[in-house]
Amino acid sequence: SYRNYCKSCNRPLPQCLCEHLPEDKIGLETKVLVLQHPVEFRRKTISTVPLLKLVLDQCHVLVGRSFDVELETIINQACNEGR
């Protein structure tokens, strides 16, 4: 049984949320960083993280179990930019 998915929100068509999302992304003065566990990442049709990327202008997602080096680099960069 093949399921049809929405091309925008990647959810099954009966669960499509596009009509409830803003037309334009929400602009923020700060960047949003989401640390996502790989198990949630694999559950794309029920994960809410992809919706954040559809709604927020400055949203960056890192998927993994440990973010030591990469997270430190991102935090240092944000501090240097004054955010």
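Report on the accompanying structure. What you are looking at is a predicted structure, and each value in this text was computed from that prediction instead of being measured. Position numbers for residues start from 1 in each chain and track the written sequence from start to end. Residues qualify for local features only when their pLDDT is at least 70, as the model is predicted, and side-chain atom pairs are given and counted only at 80 or more; totals for whole chains, interfaces and linings, by contrast, use all residues. To obtain the side-chain values, all non-hydrogen atoms of the structure were used and water was disregarded.

1. Remarks on the layout of surface pockets
Right, on to step 1. For cavity detection a 1 Å grid was placed over the protein atoms alone, and a set of points counts as a cavity when a 1.4 Å probe fits there but cannot get out; an open set counts as a pocket when protein lies on both sides within 12 Å along at least five of seven lines, with lining residues being those that have an atom within 4 Å of a point. Grid points are joined across faces, edges and corners, and a volume is the space filled by probe spheres set on the points. Considered as a void within the structure, the largest pocket measures approximately 280 Å³ in volume.
Right, on to step 2. Lys31, Leu33, His60, Ile74 and Ala78 are the residues nearest the centre of the largest pocket, which is lined by 13 residues in total.
Right, on to step 3. Where the lining of the largest pocket is concerned, the elements lending two or more residues are β1 (32-36), β2 (59-63) and α3 (68-81).
Right, on to step 4. All residues other than Ala, Val, Leu, Ile, Met, Phe, Trp, Tyr, Cys, Pro, Asp, Glu, Lys and Arg, Gly among them, are scored as polar; the first ten of these are nonpolar and the last four charged. Residue classes in the lining of the largest pocket are distributed as six nonpolar, four polar and three charged. Comment: elements are numbered from the N terminus, with helices defined as DSSP H or I runs of at least four residues and strands as E runs of at least two.

2. Digging into unusual backbone geometry
Right, on to step 1. Residues other than glycine seldom take positive phi values, yet Asn10 does so here, at roughly 60 degrees.
Right, on to step 2. In this fold, Asn10 is placed in the segment before β1.
Right, on to step 3. Burial classes: relative accessible area under 20% of the type maximum marks a residue as buried, over 50% as exposed, and values in between as partly exposed (1.4 Å probe, protein chains only). Look at Asn10 and you get partly exposed, because its relative accessible area is 46%.

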